[in-house]
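# Coordinate analysis (summary)
Chain by chain, the residues run as shown.
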Amino acid sequence: MKCLLIASESAEVLFHWTDLEFQQNIQKQYGASQEEGQRFPAFEDMISTQFAPIIISCSTIVDRQSDSYTSFTTENNHIYVLHQFDECLYIAVNGDGEEKEDDLRRKIYVMKKMIEVRFGMVTLSGALLKRELRPQDTEQRARLWKQLQKLLETYSRLRENDQSFLVEAVERLIHPTLCEQCIEFLERRLVQQLNSSVDRAGEEVLHAFILVHTKLLAFYSSRNASTLATSDLLALIIMAQNMCPSNVDLDDPSPESTSGSGPESFYTPEPSPTDRDSKKPVRESPPLFEFVDPDIQMAEDSLHTLEVSPPDPSAPRRVFLEVHLKDGLYPMMPHSMYCLPLWPGITLVLLTKIPTSAVAMSVYKFLEAFAKLEKRLNEGQSPAAAKSQLTTLDIRGKLDKFIKALGPSELQFGHLQSVWTDFKSRAFTKGGSGFTEDLIPSCKAMKTQLCGVYRHCFFTDSGSADTPRWLSPALQERAQTMVQDKLIDWKDFLLVKSKRNITMVSYPISLVHFICVDRSTGQMIAPSLSITERTTSELGKGPVAQYIKSKVWGLVSTTRRYLQKGYSTVTLRDGDFYFCYFLWFENETGYKLEAGDIPTLPDDSAPIGMLAWDYYRKLLRYYRKNHQGEAVKCYELLTIHLAVIPTDIILQHCRQLATKLWEPSRNPLL
């Protein structure tokens, strides 16, 4: 009994996802009230009618009280969690007891994150976002919703089964020699060849990484690339798993993987097969994200959608990611994402900078300026102070040049020119309203038009059909082949290694499980938890590992609640187990710093993590205020010990484990 709904303030459904049980429950309710011989309404209409009272009541309370409820539980124990983002209301429901309020709130924020990665700065305009989420063409709408539904299902599957998505940090495969070789290969051969090719259509490969299921084998960023945020990397892994689905158990080349009783050893690959061509994967399905060409005008009365053509299988996914440059932070900058399957479970991902990305940077600067101006006007600041917001940054001159460079040929650019002319006449001429509250509607109109230009530049296929717009299919195939040739001798080992990344044989016998996370880099280390009958590990087969898994998931949930209340250390006993959680800070030399007070968060705050909302980035920023000039790092350690061990010995083990895991000699690439 699960559901996630996005609706407008007028109760119009913008997106919905339901499991089969929830869908059948809705249909059953309509069946009981349906007169004989009448046809069932569309499911979209059913769910709209079902949620309309909640949506309308929520909007009414916001209008009258400037506040609203964030969750409630019905008499039949169905949990509803609500969150308003601008003009969109997100509602998550659970009726089977498998999810709590925190889980539903996290699902809402993750869905919002995936929509931001999918639609970029269009999400900053409520009117445009509603049109994007609910296209007029029903087939296009069904296809878009299906894509978003699959993304949500992929995330839910990963969070239920993958420790890296449980703690929202990236896990690397621990094999220093192979990792170093692959990083060097990506840098000196693959990326260099791709960026020097004439078939790249002006795109530049900024990041290249190899995934084995959800684990990073190698990651390379070019010298002029911005650091890829952990939040964005996790979102890209979800998309890669969605586009190239892999089953951890079915992709295992061996019928049963057994653990050794000795220390970890390096793998010696078998000789390469002679027939390389037989190893090439075949592209299975068209992209899950297609950017069609609806000619949407800004005026409501002229809105119409063109016929959608089948997507090109070689076309990349357009994704919008955070970029850090010398002059500041630019969120939601456009990139092309190429997800190239090497073998089942092993994927090459390329992220490229597109030729027109400078337009997005300009649009963001203008949006930021008008947003700040609108805020000052709402706060009732003096006209002179408000005017300084635009004159200080010389927005007027820069925007005039920007519009002139775009040219009047496109209708969307003409709309921007018209609204900007109107704004200038109101703000800068003697007969205008000046920088007062009367200018607020013009600020909103400018932001909408800028988002419209952004949408036109990065969502529609402009230009001649004969002009290349991305890496050619031949270039993509060459990249695939190069990486396959590099890894052909290692592929079976990698699939097994992804399930047995590190072993427990070198750790104390009383230690059942641990997860250690470097929150400064967004990376984690943990022993694998196999929960299938096909796989044997130190924890035994399926049922035992499943039991430990449930304890681990419960521990993470519990410690997040304590961290939300400001606790950085938690120790508790649960039957035969003793749980420990520590959060601490270190400087760059490894010296442990005094923890100090951790900020407390309200119950309905954004979920603690790094995917939907980077809590730890804000925590580090807060902590560095008292450590100016120092490079501060943040770590977390969660352990499960057998409770028969004395507490002081357990704490000693935890200290030794924290020191050992991040030794440079052990994990040089971390």
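These notes cover the structure that comes with them. Since the structure is predicted, the reported quantities are computational estimates derived from the model, not experimental observations.

### Notes on helix 9 (residues 357-378)
If you check helix 9, its first and last C-alpha atoms are 32 Å apart, about what 22 residues at 1.5 Å a residue would give, namely 32 Å. Ser-357, Ala-360, Val-363, Tyr-364, Phe-366, Leu-367, Ala-369, Phe-370, Leu-373, Glu-374 and Leu-377 are the residues of helix 9 that are buried. Within two residues after helix 9, Gly-380 carries a phi angle of roughly 75 degrees, on the positive side.

### Focus: the side chain of Glu-586
Note on placement: Glu-586 falls in strand 15 (residues 577-586). No salt bridge is formed by the buried Glu-586; its nearest oppositely charged neighbour, Lys-633, is found at 7.0 Å. Within the local environment of Glu-586, its side chain forms a polar contact with the side chain of Trp-584, the two groups lying 2.9 Å apart. When sequence neighbours within four positions are dropped, the list of residues in contact with Glu-586 reads Tyr-591, Lys-592, Leu-593, Ala-631, Val-632, Lys-633 and Tyr-635.

### Description of empty space enclosed by the protein
One pass over the structure, following the stated rule, counts 4 cavities of 30 Å³ or more. In this structure, the largest cavity occupies an estimated 70 Å³ of space. When contributions to the lining of the largest cavity are tallied by element, the ones reaching two or more residues are helix 16 (542-564) and strand 17 (633-642). Per-element tally for the lining of the largest cavity: the top contributor is helix 16, with 4 residues. Residues that form the lining of the largest cavity fall into these classes: 6 nonpolar, 1 polar and 3 charged.

### Side note on the pattern of salt bridges
Here the idea is simple: oppositely charged side chains can pair when their charged atoms come close. What the rule picks out here adds up to 27 salt bridges. A salt bridge links Glu-99 to Lys-107, with the shortest nitrogen-to-oxygen separation between them at 2.9 Å. For the residue pair Glu-99 and Lys-107, the accessibility class agrees, reading buried in each case. Among the salt bridges present, the one from Lys-365 reaches Asp-327, with a minimum N-O distance of 3.8 Å. Of this pair, Lys-365 sits in helix 9 while Asp-327 sits in the loop between strand 9 (317-325) and strand 10 (328-343), and the two are 38 residues apart along the sequence. Looking at Lys-365, the relative accessible area reads 40%, which means it is partly exposed. Each of Glu-12, Glu-44, Arg-134 and Arg-141 takes part in one network of salt bridges that share partners.

### Observations concerning the nonpolar core
Ile-6, Phe-51 and Ile-91 are the most contacted members of the largest nonpolar core, which has 118 residues in total. Residue-level mapping places this core at the junction of two domains, with at least three residues from each of domain 1 (2-119) and domain 2 (363-459). Other than its neighbours up to four places away in sequence, Ile-6 contacts Glu-12, Val-13, Leu-14, Phe-15, Cys-88, Leu-89, Tyr-90, Met-111, Ile-115 and Leu-133. Membership of the second largest hydrophobic core comes to 37 residues, among which are Val-191, Leu-340, Leu-348 and Ile-488.

### Some points on the pairing of strand 7 (residues 204-212)
The element strand 7 is largely enclosed, with a buried count of 8 among its 9 residues. One ladder, built from 8 bridges, connects strand 7 with strand 11 (residues 346-353); its direction is antiparallel. Bridging from a neighbouring strand, Glu-204 pairs with Lys-353 of strand 11. Across 6 bridges, strand 7 lies against strand 8 (residues 215-221) in antiparallel orientation. From the neighbouring strand, Ile-210 faces strand 8, where its bridge partner is Ala-218. What sits between the antiparallel neighbours strand 7 and strand 8 is a turn of 2 residues, in which His-213 has the positive phi angle 60 degrees.

### Looking at the sheet that holds strand 7
In spatial order, the strands read 8-7-11-10-9; together these 5 strands make up an open sheet with antiparallel pairing. Sheet topology places strand 8 and strand 9 at the edges, where each strand pairs with a single neighbour. Adjacent strand axes in the sheet meet at a mean angle of 30 degrees, parallel and antiparallel pairs treated alike. Packed onto the sheet, helix 7 (residues 176-195) meets strand 7, strand 8 and strand 11 and runs at close to 45 degrees relative to strand 8.

What counts, and at which threshold
Residues numbered from 1 in each chain as written. Predicted model: local features only at pLDDT ≥ 70, side-chain atom pairs only at ≥ 80, totals over all residues. Heavy atoms only, no water. Helix = DSSP H or I, 4+ residues; strand = E, 2+ residues; numbered from the N terminus. Expected span 1.5 Å × (residues − 1). Buried < 20%, exposed > 50% of the residue type's maximum accessible area, 1.4 Å probe, protein only. Lys, Arg positive; Asp, Glu negative; His and termini not counted. Salt bridge = Lys/Arg side-chain N within 4 Å of Asp/Glu carboxyl O. Polar contact = N/O pair within 3.5 Å; in protein donor to acceptor, adjacent residues only side chain to side chain. Contact = heavy atoms within 4.5 Å. 1 Å grid on protein atoms, 1.4 Å probe; cavity = no way out; pocket = protein on both sides within 12 Å on 5 of 7 lines; lining within 4 Å. Points joined across faces, edges and corners; volume = space filled by probe spheres on them. Nonpolar A, V, L, I, M, F, W, Y, C, P; charged D, E, K, R; others polar. Core = buried A, V, L, I, M, F, W, Y, C linked by side-chain atoms within 4.5 Å. Domains from an automatic or database assignment. Pairing = 2+ DSSP bridges. Axes fitted to C-alpha atoms, helices over the stretch in contact; angles between N-to-C directions.

Nothing here speaks to function; it is all geometry.
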